[in-house]
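Close look at the chain arrangement
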Amino acid sequence: MDASYDPQAVESRWYRVWEEAGVFRPEVNPEGEPFSIVIPPPNVTGVLHIGHALNMSIQDVIIRRKRMQGFAALWLPGTDHAGIATQNVVERELAKEGLSRHDLGRERFIEQVWAWKAKHGNRINEQVRRLGFSTDWSRERFTFDEGLSKAVGHVFVELYKQDLIYRGERIINWCPRCHTALSEIEVEHEEEIGELTHIRYDYTDGTGSVVVATTRPETMLGDTAVAVHPEDERYKDAIGTTVTLPLIGREVPIVADDGVELEFGTGAVKVTPAHDPLDFEIAQRHGLPAVKVIDTEANITRAGGEFFGQDRFEAREAVRHELNKQGYMVKIEDHHHSVGHCSRCGTVVEPMLSLQWFVKVGPLVGPSIALIEDGGARYVPKRWENNYFRWMENLRDWCISRQLWWGHRIPAWYCDDCDEVMVTIDEPQGCKSCQGSNLTQDQDVLDTWFSSQLWPFSTMGWPEETADLAEFYPTDVLVTAYDIIYFWVARMIMMGVHFTDGEPFRDIVIHGLVRAADGRKMSKSIGNAVDPFDVADEYGADALRLALLQAASPGHDIPLNVEWIDAARRFGNKLWNAVRFALNHVESGSVPGEGGYPTEPGAIDRWILARLGEVTVEYDKLLEEYRFSDAVGLLYNFAWSEVFDWYLEMAKTSLRKPESAEATRQTLGVVIRDLLALFHPVIPFVTEELWSELVGDGLVAATSWPSPPQQAAPAGMDELQALVVSIRRFRAEHELSPKKELAVLVDDPNDITSGWWRDQLEVLANTTADFDGPPAEVAGHTRITSGSLQAFIPLAGVVDIEAERPRLEKAIAEAEDLLGRSRAKLDNPNFTERAPADVVAGEERKVEEFSAKLDKLRTQLSELG
RNA sequence: GGGCGUUUAGCUCAGUUGGCUAGAGCGCUUCCCUUACAAGGAAGAGGUCACUGGUUCGAGUCCGGUAACGCCCA
């Protein structure tokens, strides 16, 4: 083995071995209980970003641990066809050749997209492998593959039959660049400073005027009414009369509607039913016509008169200019308002009246809320449940049709002869109403999320009753960032509850977003995005995973610091060298793959085995609770601070003694082996490599989860460690060389030390120890207390006696402070009466300890004179 | 406007049924190339846990209020 660890060499080696051994297939544990996770499918066009790395690192820890615990663990991978995103990518490619999708036509364009997927779609899978994620590739799925498409068709038809899908004219959000309708949550609202234009509308009878205000003056071209609140005294007499629209000359009514806010602006609002959702509702209530004045290109329609053909923003200026010129402009003022943008391309969306397909969500909401309320599934952390409830309660019907080509075609056919609509999975042979044969399929495709919402069960073969569905559904855990709870999680719950009569998953583990080191969102445009593969190349995939998991406090965003990754990389090297040390003493291959704990461990061996037992139990518990950061922190500190810093150092002494060497050899082997196994789900590559060096047989990926026997630690270990640290500190404070051997006399009234203890003290603190203490003549020694023990160091020839004074005074002050605190508590009868007995006993112990220590220190100080 | 989160060491963050002499990594100071590791070891400095009021024997932790920052929804 090399003296230092090179992640590149190791990480390229193991994935293929795991795959060929079939360890990622649940069949590897044929007797095991099923345990399953479906991956949140990344966009097939995409590349994995650091957020995916976090998301999948968490899932891999879960699934690798369960696998090692004997479950038939399935982690199902796959990708999402990502309608708009993918179509945009391919259209951009075409644009380079000066072509648009319309030049190719629908069929050839879709062929192009499939070709693109065949060429580039595998990149994500390679990336998943590079980071070591243990997905079962034999079950890989794609939202647009045959089976999943069948599920989509089935769901659409069923929902239609159940009257939960309908087609209708509603205000939808239109992206004029993507040329498609969007759902509410595909629109991102941004606060912007706009201008509020006040316009005067004259009463048609010439008796006066009303002023309305708008941030989108161009929409006045499509006004079909002015609305006021029914109880607004200012307009009481005007209700039922008409105004004449400036520029257009149309006579429109003044209507009274509760939806108008009395307080806002002048209290009168212009009504543009075709381009505003609230206005549309008003129009519905009053039977007003809708006039479309903006088309799908965001240009003004013929209904806009002289402004026909102008872009909406040009028209905004032109309308203002003309209103001003004709004297209808009252004023313009600055105004903060939120403007919707397409979440895909950032273009300002246009609310627009349009004939689209919708999911009626009302009947689906109740059972989906009940599932969480009744504990059928739960969010971790729990606080996300409130967000979920609030969102579900305010849900509006979901626009699912998209004017794209790449996606699941809507399974609806229209009869050209009689207007019959037929919704069926397979193309109908003729019109069921007029028997005509001129049928046209709906041109639109479904929102990508319509297929993603079926992912937990469509991937298992649903609606067929497959073996996988029976075994692995419902899934156990869903791991996702909070930003897609609405897009995805909520809808999976709705569909899971509705169609599979149960929860799609039981635990919904929510994690945060990975942010740049300065806390800002990572984005390509700011240029602060960290590419996980750059990190993997420089530091190793293991280091990236370890760093992310250490930082992954439940549900919180994590700023990514390179320092953390670097520290994680150094841990790999440390582990590497610990194994090298072990292999200097333990023959490679002699360590059993599991079990093999020594039957007669020595004292230091019992100590580390006891700690290993405790840490294993605690680590396992933390992982079960999804507290990854705490779990990894615990194991990391145990490995480094206890195994490496203490046990390995103590083992050196033990291994030199024939009577203790064999037990320590065995212990060293199994402790390091168990560390590798416990760490494996977090850092799979380096642990597998080291396993092959140390154990030699089998794979750590396929081994059993460690269960070290519970041991009692030997007496004296705490005292030994405290004493060693104190002696080292004494040295440091007096600037004594670590090489200078100190003579120490130890007084051990309770007789807790024995041979091993003395050996360790001599080596670890570089002392020659005499256990006959205390010395006859105490003066001239410094003394160090450690539990019931005292150690005396003769100062003659070592340090000037006076030099001990400040050290002692400081130690006395500290002890006094601590003693004071504990005494104060115990002096308080309320404390002794009300605090739990063990807490009181703890304080009593402290008082004893601190006063004994203080006595000794004071004695020593007085001896200085 | 409504909701949620954050505020702890120079920096980035842990701290889950209230018992803390408040931790980690990085950075900083001093010493050490001791045959696993200098990508290392040893020792150390550094915090009125945002502010404020309360509950409690006891509050970083629970409750009320204030401030700043961030996110989500309208």
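Reading the values: rules and limits
Residues numbered from 1 in each chain as written. Chains lettered and ligands numbered in written order. Predicted model: local features only at pLDDT ≥ 70, side-chain atom pairs only at ≥ 80, totals over all residues. Heavy atoms only, no water. Salt bridge = Lys/Arg side-chain N within 4 Å of Asp/Glu carboxyl O. Helix = DSSP H or I, 4+ residues; strand = E, 2+ residues; numbered from the N terminus. Buried < 20%, exposed > 50% of the residue type's maximum accessible area, 1.4 Å probe, protein only. Axes fitted to C-alpha atoms, helices over the stretch in contact; angles between N-to-C directions. Parallel < 35°, antiparallel > 145°, perpendicular 65-115°, else oblique. Contact = heavy atoms within 4.5 Å. Nonpolar A, V, L, I, M, F, W, Y, C, P; charged D, E, K, R; others polar. Disulfide = S-S within 2.5 Å. Core = buried A, V, L, I, M, F, W, Y, C linked by side-chain atoms within 4.5 Å. Pairing = 2+ DSSP bridges.

The next point concerns the pattern of salt bridges. As enumerated under the stated definition, the model contains 52 salt bridges in all. For E624, the salt bridge identified is with R65, shortest N-O distance 2.6 Å. Of this pair, E624 sits in helix α20 (residues 603–624) while R65 sits in helix α3 (residues 50–68), placing them 559 residues apart in sequence. Linked through salt bridges whose partners overlap, the residues forming this network are R25, E27, D136, R139 and D468.

Glancing now at unusual backbone geometry. V380 connects to P381 through a cis peptide bond whose omega is -5 degrees. Within the fold, P381 resides in the loop between β15 (378–380) and α12 (384–393). Cis geometry marks the peptide bond from Y473 to P474, where omega comes out at 0 degrees. Topologically, P474 is positioned in the loop between α15 (467–472) and β22 (475–481). Even without a glycine there, the phi angle at L247 is positive, about 65 degrees. In this fold, L247 is placed in the loop between β10 (242–244) and β11 (251–256). At D751, a residue that is not glycine, the phi angle is positive and equals roughly 60 degrees. Structurally, D751 can be placed in the loop between β26 (742–747) and α25 (755–764). For D751, a relative accessible area of 58% corresponds to the exposed category.

Pairs of packed helices are described in terms of their axes, by the angle between the two and the distance that separates them. Across the interface, helix α19 (residues 562–585) lies against helix α23 (residues 684–694) with an axial gap of 10 Å and an inter-helix angle of 5 degrees. By the angle between their directions, the pair α19 and α23 is classed as roughly parallel. Judged by residue contacts, G572, L575, W576, V579, A582 and L583 of α19 engage V686, T687, E689, L690, E693 and L694 from α23. In terms of residue class, the contact of α19 with α23 is made up of eight nonpolar, two polar and two charged.

This next bit is on the state of the cysteines. Evaluation of the coordinates by the stated rule reveals zero disulfides. The thiol of C175 is unpaired, and the distance to the nearest cysteine sulfur, on C345, comes to 3.5 Å. Distance from the sulfur of C399, which forms no disulfide, to the nearest cysteine sulfur (C342) is 13 Å.

Turning to the nonpolar core, a few remarks are in order. In terms of nonpolar packing, the biggest core is built from 189 residues, with Y379, F450, I493, F644, I672 and L761 touching the most fellow members. With 15 residues, the single largest contributor to this core is helix α21 (residues 628–656). Once residues within four sequence positions are removed from consideration, L761 is found in contact with L720, L723, V724, I727, V746, N766, T767, A769 and F771.

Of note, I165 is situated in strand β5 (residues 165–175). Among the residues examined, I165 registers a relative accessible area of 1% and is labelled buried. Considered as a pair, I165 and W357 are 192 residues apart in the sequence and their alpha carbons are 7.0 Å apart. Here I165 is in contact with F156, L159, Y160, W357, F358, V359, I400 and F450, once residues within four sequence places are set aside.

What follows deals with the sheet that holds strand β14 (residues 350–359). Ordered by their spatial adjacency, four strands build an open sheet running β6-β5-β14-β16, and the pairing between neighbours is antiparallel. Lying at the two open borders of the sheet, with one neighbouring strand each, are β6 (180–182) and β16 (398–399). Strand direction decides the pairing type here: β5 and β6, joined by three bridges, are antiparallel. Its bridge partner being in β6, C175 is matched across the sheet by T180.

Most of strand β28 (residues 781–786) is tucked away, with six of its six residues classed as buried. Judged by which residues are buried, β28 turns out to be covered on both faces: H781, R783 and T785 on one side and T782, I784 and S786 on the other are all buried. Between the antiparallel neighbours β28 and strand β29 (residues 789–794) lie two residues, among them G787 with a positive phi of about 60 degrees.

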